[in-house]
Amino acid sequence: MTDAAPRLAAAAETLLGAPLPVRIRAWDGSEAGPPGGPVLVLARRRALRRMVWRPGELGLARAWVAGDLTVEGDLYGLLDRVSGLLWERGPTAPADRGTPAPAGTAALLRDPARRAALRELAALAGPWPPPGPPSEEAARRGGRRHSRGRDRRAVSHHYDVGNEFYAHVLGPSMVYSCAYWSPGATLEQAQYDKLDLVCRKLGLEPGMRVLDVGCGWGALALHAARSYGVRVTGVTLSAEQAGHARKRVAEEGLADRVEIRVQDYRDVGDGPYDAISSIGMAEHVGAARYREYARSLYALLRPGGRLLNHQIARRPEADERAYRVDAFIDAYVFPDGELSPLGTTVGELERAGFEVRDVEALREHYALTLRAWVARLEEHWEEAAALTSPGRARVWLLYMAASALGFEHNRLGVNQVLAVRSEEGGPSRMPLRARTWGAGPGSPP
């Protein structure tokens, strides 16, 4: 019989208390749900088994990564249609985790119709046990959370998947953070403009010593040394990133001005520096360690020096104790990564002694960046999947597409926070009208 999809749809609608927002196709070829638009395809029965025996985002993620669950048609459109079931919309909603729309398990079990729907789903899913997690899932983590060793393993899981894979996604710039867009710009131009914006906000001048925390593949270090004549120390926990960055430094003849280290920021001891950049790195620090992070950077900066902290933010919770890291992100993308509201970040920088001088929100810029990365990944799908694994490529596709919608719908933000370590007595050495940096390179202020 080919009736799995109608039975699945009926049970799901009973549990949700609402019509299915998308059409589904089951492993037996049957379909149900509203016609038109993207289709959620349960390619194998075990997709449902994963979701039934591990309900929530992790079961869905495992089915997607394993290829048991796919999308036919517009992925953005499907994610947008189901987002109402995963997140509460609106500016005060949780930003980084899903809040299930249906009632909790206890309430479900009190409702005879929903109990019957759960039994129907279990029967459709098939017998215990569900398949094991895909190999792309982060290994069980030992050690203290955000210890040096555990952070190193977490960073390796995310970044040490092959520089060639990232080149297919990010393009020649190899910049893995939000670009700075202007009308008609290409991804490469927008990334160049972002790098130059950071340098101008830091007030770089020839001969300065600059620390780039979480230097990635070295793009900012190279740009600052090449265009502003500064000496840069870049630190990363990723051996693959460091190897690629050192190669680029040597090819450009900048070894006398750029040093790339595999080093934890907590172990940098050769300050003071004239300026510090931290671009897309603080998300890995963890809430419990953020004050240590801020104090460490403050201690490494000379009086009058500037810090540019570029960081993704989530919307605040009504009760911050309720915040939980997204299960998919934690298991497959950024193990142990944590997001904080912008106000928390600013507060911790101030407590460390910094004077915060400017905050620029780039939320829409990150949505454009992510869509550009998704387009590149889809364009180079076969090569990217062959360089890592099809499952790893699916992780990045889902992560980037869902994140793009998160920024577009104001569930996520990204901000550049410029702070200064003021000199004794209060001088900041900031210009009276600092925001002339907002103009593009070569453009009049």
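Residues numbered from 1 in each chain as written. Predicted model: local features only at pLDDT ≥ 70, side-chain atom pairs only at ≥ 80, totals over all residues. Heavy atoms only, no water.

J.: Describe the nonpolar core, and please don't skip the residues or the numbers.
T.: Grouped together as the largest cluster of nonpolar side chains are 84 residues, with contacts concentrated most on Y166, Y176, L204, F328, Y332, W373 and M400. No other element matches the 10 residues that helix α17 (residues 390-408) contributes to this core. Judged by nonpolar contacts, the second largest core, of 25 residues, contains V22, A26, V82 and L121. (Core = buried A, V, L, I, M, F, W, Y, C linked by side-chain atoms within 4.5 Å. Buried < 20%, exposed > 50% of the residue type's maximum accessible area, 1.4 Å probe, protein only. Helix = DSSP H or I, 4+ residues; strand = E, 2+ residues; numbered from the N terminus.)

J.: Talk me through the sheet that holds strand β8 (residues 273-279); I want residue IDs and the actual numbers.
T.: Spatial ordering of the open sheet is given by β7-β6-β5-β8-β9-β11-β10, a layout of 7 strands whose pairing is mixed. Looking at strand neighbours, the two that pair on one side only are β7 (258-262) and β10 (355-361), the edges of this open sheet. Here the average twist between neighbouring strands, direction ignored, is 15 degrees. Here 5 bridges tie strand β6 (residues 231-236) to β7, and the two strands are oriented parallel to one another. If you follow G234 over to β7, its bridge partner there is I260. Across the face of the sheet, helix α10 (residues 219-228) comes into contact with β5 (209-213), β6, β7 and β8 while running at roughly 175 degrees to β6. Against the sheet, α17 touches β9 (301-314) and β11 (412-420), its axis set at about 70 degrees to β11. (Pairing = 2+ DSSP bridges. Axes fitted to C-alpha atoms, helices over the stretch in contact; angles between N-to-C directions. Contact = heavy atoms within 4.5 Å.)

J.: Just give me the short version of the packing of helix α12 (residues 290-300) against helix α14 (residues 342-351), but keep the residues and values in it.
T.: Where α12 meets α14, the axes come as close as 8 Å, and the angle between the chain directions of the two elements is 50 degrees. It follows from the interaxial angle that α12 and α14 lie oblique. In terms of crossing hand, the pair formed by α12 and α14 is right-handed. Contacts between α12 and α14 involve Y290, R291 and A294 from the former and T345, E348, L349 and R351 from the latter. Across the contact of α12 with α14, the residue classes break down as 3 nonpolar, 1 polar and 3 charged. (Parallel < 35°, antiparallel > 145°, perpendicular 65-115°, else oblique. Left-handed = near helix turned anticlockwise from the far one by under 90°. Nonpolar A, V, L, I, M, F, W, Y, C, P; charged D, E, K, R; others polar.)

J.: Provide a residue-level description of the sheet that holds strand β2 (residues 31-32), including the pertinent values.
T.: The strand order β2-β1-β3-β4 describes an open sheet built from 4 strands, whose pairing is mixed. In this open sheet, the two strands that pair with only one neighbour each are β2 and β4 (69-72). Summarising the sheet, strand β1 (residues 23-25) and β2 pair through 2 bridges and their orientation is antiparallel. Counted as the bridge partner of R25 is E31 from β2.

J.: Would you mind going over the side chain of D358 in detail, with residue names and values included?
T.: In this structure, D358 sits in strand β10. Since its relative accessible area comes to 9%, D358 is described here as buried. In terms of polar contacts, D358 uses its side chain to reach the side chain of R435, at 2.6 Å. Residues in contact with D358, not counting those within four places in the same chain, are K201, Q416, V417, L418, R435 and W437. (Polar contact = N/O pair within 3.5 Å; in protein donor to acceptor, adjacent residues only side chain to side chain.)

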